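# Analysis of the macromolecular model
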Amino acid sequence: MKSLRNIANAVYYCLPVQLVIVQVRYAKLELLIWVLMFMVVTNNFGNSFGLPFLFLEPEYMGETGWYSMFLLGVGVGTFIAAYIISSYISNAYRFGFLALEYRPFFVFSFNNTLIPFAYLITYSVCYIQYQMYSQQGFNWSIIGDLTGIFLGIFMVTILIFVYFFNTNKNYVVKLGEKVVRDLKGKRVIVEKAKAGMGVRIRVDSFFASPVQIRKADLARPIKMRQLVRTMNQNHGNALFFELLLLLAILTLGLMEHNPYFIVPAGVSIFLFASVILMLVSAFTFWFRKIGPLFLVIVVVGYVVLNQIEINKYKHPAIGMNYDAEPARYEEELLKTFSSKENIEQDLATTRGILERWKSDYQVFNGPYKKPKAVIVCTSGGGLRSAYFTTRTLQKLDSLTDGKFLDRTRFLTGASGGMVGAAYWRELRILNSINRADSIYDIAYAQRMAKDLLNRVSIKIVTGFFLPSLPKKFGQSTYPDDRGYSFEEQLLQNLGVFRNRRLSDYTPYEEGALTPMMVFCPVIINDGRKLYVSSTNVSYFTRNIDYDGELEEAVTGVEFRRFFRENDADSINFPTVLRMNASFPAITPYVRLPSEPVLQVMDAGIADNYGLETANRFLGHFGDWLRRNTSGVMLLQIRDSRSVTMKQSEYSSRNSIQELLNPIGGTYRALNMSADLVNDEYLHSMKQSMRGELDIETIFYEEDTSGFRASLSWHLTRQEIVSIEESLNNELNWGTMDRIRKWLADE
């Protein structure tokens, strides 16, 4: 028993353990960052939004493998270096005996690697487990790729701790010391040295080198001058590291348009965490105990100042005219735009489109034949929903020889689903012009699965340090913010939509060559929907009562009419897609040229499945469709089962998971509440069609092991496989076969 007590004391009073204890007492914010890193990599935080996959399967230049792991290792190494340096600045003075060592900073570093070492072990285990699951077994390439992260860490370690943190009086050290002196930092160092002289934390042993353990001689006298000189020198080095870190971030920001500099999103996260660590240590150094509080005040001040509208159109809609007089957002003007005359005119225009579609059908099928009509509602869900929707439409068109989209007359929905639907519609348009390639090749859909998060992540991090540069589009310039970066990456991935304006689709829609698409982002100011379409659709903005009179309330805003003087038709079509899919913290809310300024956000916040808009459409055109078609079908393309199909989904999640994933839990709860409302919309549409409405649903769901693709703008290989397997499961395949037979029986 005594020997066990001795062993316990030896472990407890060794420097690595004492450093952790000191950090628990005095550096809780730094440890919180580590806790979050552990939780993410073990799939206990952010799993609903794919955060773990950014570390377990990083993507670089469209590939996952050794190079992406090496870059992630560089990010991890930078974060570990920042942690060690910030800890040295904050806590080294408490262990004055280190100043007697030949290389005190190195000795401190060796002994402060307990947490980083535990993280690397945890990461390695989680990485191997995930890759074995993803690859359905062990493969030596898993170990090979894992070496990339350790080589990246080793490279950073060599670069920083050998070159920049040697004890020679080189130019770098002298410059750093001079800056510290000029900033009056030496006075703070002297005060810390005095405090360190009076601190007596028991330490029995420490690592003098990675392979040598030495007893600590706490009784050995320490000279005040020696302690101050050592602290001053290494604080100067720390300042130089901070500048080097800032330079690296600025370089990534300035070279963002070069694909070689678009590093994995996990690297950006580690760089951002490194900046936070260095800021915490700097504020703790200058302001001591109130340092973290002062940092919080500075951050809050930054956020408040950022909200001051020096440029109230700082996140504009690309392609619109912000030099013209802003549109006045007033109730009476809204009623004017949603007048009975405008609504009747737009209803007549849409009926004319439907009549033209019917006539075109009868030219080839006989004057007495009636076509079948399809309405498609696709749900939001980031890249998961975008890819699932693209593949669903691709398969349905392939099974019906293109008939499915030809019969589709109305397309609406939210977020990623509409990105996928717009992409497929664009491919069909291009294919009608040039039939050289088969758009049914899966390679076209795989473009939609390419990463959209890496470039935006870099922009988020660098946005704190670099202003947005002006970029020319048409005759105007717009800031190169993260929304612009998102659109550019989308264009590069898909290879379509370049220079597409909203009005470019007007002749296709009014000529009944493609289905109408209606986007419905939400106006944050008052919760109204903003109806964006290439065709005027004012009939969505105001209800008509049973007497044919307009109701007083205006429930939505028609984009084209309201912003006509601000070149609404010239808005960049990828901007429309982004407005309809503004993901919190990833892409900024678009600000429109109005007074007051309108901000719009993801359509999914109000109608994630598009059924409310589809219900309005059938309310206006249900009678025409019943009389002029041989059948109407509503197809829901969903990124999850509805709550009525899977009642136990929410209750099956334990309390710990909900505690660790509050955002994910809230998102699921909102989805379930929306499903109950959607059932009412489906019932209403059935009534509008007097029961003559076929409703089909194709949905993505988790596989038999419980794996589910995340809500993110990044998809892993396993997530793509999961989506493919779900699309081809028995239920969905049966639904697609019923749709094929239904269309064949016109």
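Everything numeric in this text was worked out from a predicted model, so none of it was measured.

## Digging into the environment of Tyr484
- In this structure, Tyr484 sits in helix H21 (residues 482-494).
- The spacing of Tyr484 and Lys471 is 13 residues in sequence and 9.1 Å in space, taken between C-alpha atoms.
- Residues in contact with Tyr484, not counting those within four places in the same chain, are Ile318, Lys471 and Pro479.

## Re the packing of aromatic side chains
- Overall, the coordinates contain 35 aromatic pairs when judged by the stated rule.
- Taken together, a centroid distance of 5.5 Å and an interplanar angle of 10 degrees make the contact between Trp66 and Phe70 stacked. Of the two residues, Trp66 and Phe70 are both situated in helix H5 (residues 66-91); the distance of four residues between them amounts to about one turn of the helix.
- Classification of Phe70 as buried rests on a relative accessible area of 17%.
- The ring of Tyr505 carries Arg500 above its face, with NZ or CZ at 5.0 Å from the centroid.

## Some thoughts on helix H3 (residues 28-41)
- Its 14 residues give H3 an end-to-end C-alpha distance of 20 Å, which sits within 8% of 20 Å, the value for a rise of 1.5 Å per residue.
- Among the residues of H3, those classed as buried are Glu30, Leu31, Ile33, Trp34, Met37, Met39, Val40 and Val41.

## Describing the pattern of salt bridges
- Counted by the stated rule, this structure contains 29 salt bridges.
- Arg498 serves as the salt-bridge partner of Glu488, at 3.2 Å between the closest nitrogen and oxygen. One end of the pair, Glu488, is in helix H21; the other, Arg498, is in the loop between H21 and helix H22 (506-510), with ten residues separating them in the sequence.
- Note on Arg498: relative accessible area 46%, which makes it partly exposed.
- Across the pair Lys741 and Asp737 runs a salt bridge whose closest N-O atoms are separated by 3.3 Å. On the criterion of helical spacing, the pair formed by Lys741 and Asp737 is a turn pair, its members being four residues apart in helix H30 (residues 730-744).

## A word on the packing of helix H15 (residues 340-365) against helix H26 (residues 611-628)
- Remark: H15 packs on H26, axes separated minimally by 11 Å, with the N-to-C direction vectors making an angle of 30 degrees. Accordingly, the angle class assigned to the pair H15 and H26 is roughly parallel. The two elements H15 and H26 cross, and the hand of that crossing is right-handed. Between H15 and H26, the contacting residues are Leu347, Thr350, Arg351, Leu354, Glu355, Trp357 and Lys358 on the first element and Phe617, His620, Phe621, Trp624 and Asn628 on the second.
- Its residues assigned to classes, the contact of H15 with H26 shows six nonpolar, three polar and three charged.

## Here we look at the pairing of strand S2 (residues 212-215)
- Pairing analysis gives four bridges linking strand S1 (residues 205-209) to S2, with the strands arranged antiparallel. Its bridge partner lying in S2, Ser209 is registered against Gln212.
- In this structure, the hairpin formed by S1 and S2 is closed by a connection of two residues.

## Quick look at the pairing of strand S7 (residues 476-479)
- As paired strands, strand S6 (residues 470-473) and S7 are joined by four bridges and run antiparallel to one another. Within S7, the position partnered with Lys472 by the bridge is Thr477.
- Linking two consecutive strands that pair antiparallel, namely S6 and S7, is a turn of two residues; a positive phi of about 70 degrees is found at Gly474 within it.

## Some words on the environment of Gly527
- For Gly527, the position within the fold is in the loop between strand S9 (522-523) and strand S10 (529-531).
- Classification of Gly527 by relative accessible area gives partly exposed; the value is 46%.
- Once the C-alpha coordinates of Gly527 and Ile605 are considered, the two residues, 78 residues apart in sequence, prove to be 9.6 Å apart.

## Here we look at helix H6 (residues 104-111)
- Burial runs high along H6: seven of the eight residues are buried.
- All of the buried residues in H6 are Pro104, Phe105, Phe106, Val107, Phe108, Ser109 and Asn111.

## What to know about the side chain of Glu426
- Within the element layout of this structure, Glu426 appears in helix H18 (residues 415-433).
- Under the relative-accessibility criterion, Glu426 is labelled buried at 3%.
- Setting aside its immediate chain neighbours within four residues, Glu426 contacts Val496, Phe497, Arg500 and Tyr505.

## Let's talk about the sheet that holds strand S16 (residues 694-699)
- Taken together, five strands build an open sheet; the order of strands is S8-S5-S4-S15-S16 and the sheet is parallel. For this open sheet the edge positions go to strand S8 (516-519) and S16, each flanked by a neighbour on one side alone. Neighbour-to-neighbour, the strand axes of the sheet open up by a mean angle of 15 degrees, direction not taken into account.
- Against the sheet, helix H16 (residues 382-399) touches strand S4 (373-378), strand S15 (632-638) and S16, its axis set at about 145 degrees to S15.
- Contacting S4, S15 and S16, H30 crosses the sheet at an angle of about 145 degrees to S16.

## With respect to the nonpolar core
- In terms of nonpolar packing, the biggest core is built from 153 residues, with Tyr123, Phe497, Phe559, Phe563 and Leu592 touching the most fellow members.
- Sorting elements by how many residues they give to this core places H5 first, with 14 residues.
- When residues no more than four places from it in sequence are discounted, the contact partners of Phe497 are Ala422, Tyr423, Glu426, Leu491, Tyr505, Phe573, Pro574 and Leu577.
- With 31 residues, the next largest nonpolar core counts Ile343, Val537, Phe617 and Phe621 among its residues.

## What to know about the confidence of the model for the chain
- Chain-level pLDDT for the chain is 85 on average; 82% of the residues reach the 70-or-more range.
- Ignoring residues within four places in sequence, the model shows residues 167-186, a span with pLDDT below 50, making 32 contacts including any to other chains.

## Regarding a nonpolar patch on the surface
- The grouping of Trp66, Tyr67, Leu151, Phe154 and Ile158 at the surface amounts to a nonpolar patch, some 530 Å² of accessible area in total.
- Broken down by secondary-structure element, the contributors of at least two residues to the nonpolar patch are H5 and helix H8 (140-164).
- Here the nonpolar patch takes three residues from H8, the largest share from any one element.
- The topology assignment puts Tyr67 in helix H5.
- For Tyr67, a relative accessible area of 61% gives the class exposed.

## What about the environment of Leu114?
- By the secondary structure assignment, Leu114 is in helix H7 (residues 114-134).
- A relative accessible area of 41% means that Leu114 is categorised as partly exposed.
- Placed 98 residues apart in sequence, Leu114 and Pro16 show a C-alpha to C-alpha distance of 6.4 Å.
- Not counting chain neighbours up to four residues away, the residues in contact with Leu114 comprise Pro16 and Val20.

Each value, and the rule that gives it
Residues numbered from 1 in each chain as written. Predicted model: local features only at pLDDT ≥ 70, side-chain atom pairs only at ≥ 80, totals over all residues. Heavy atoms only, no water. Helix = DSSP H or I, 4+ residues; strand = E, 2+ residues; numbered from the N terminus. Contact = heavy atoms within 4.5 Å. Phe/Tyr/Trp six-rings, centres within 6.5 Å; stacked < 30°, edge-to-face > 60°. Buried < 20%, exposed > 50% of the residue type's maximum accessible area, 1.4 Å probe, protein only. Lys NZ or Arg CZ within 6 Å of the ring centre and 35° of its normal. Expected span 1.5 Å × (residues − 1). Salt bridge = Lys/Arg side-chain N within 4 Å of Asp/Glu carboxyl O. Axes fitted to C-alpha atoms, helices over the stretch in contact; angles between N-to-C directions. Parallel < 35°, antiparallel > 145°, perpendicular 65-115°, else oblique. Left-handed = near helix turned anticlockwise from the far one by under 90°. Nonpolar A, V, L, I, M, F, W, Y, C, P; charged D, E, K, R; others polar. Pairing = 2+ DSSP bridges. Core = buried A, V, L, I, M, F, W, Y, C linked by side-chain atoms within 4.5 Å. pLDDT = per-residue confidence, 0-100. Patch = residues over 30% accessible without salt bridge, like charges linked within 9 Å, V, L, I, M, F, W, Y side chains within 5 Å. Areas by Shrake-Rupley, 256 points an atom, 1.4 Å probe, with all protein chains shown as cover.

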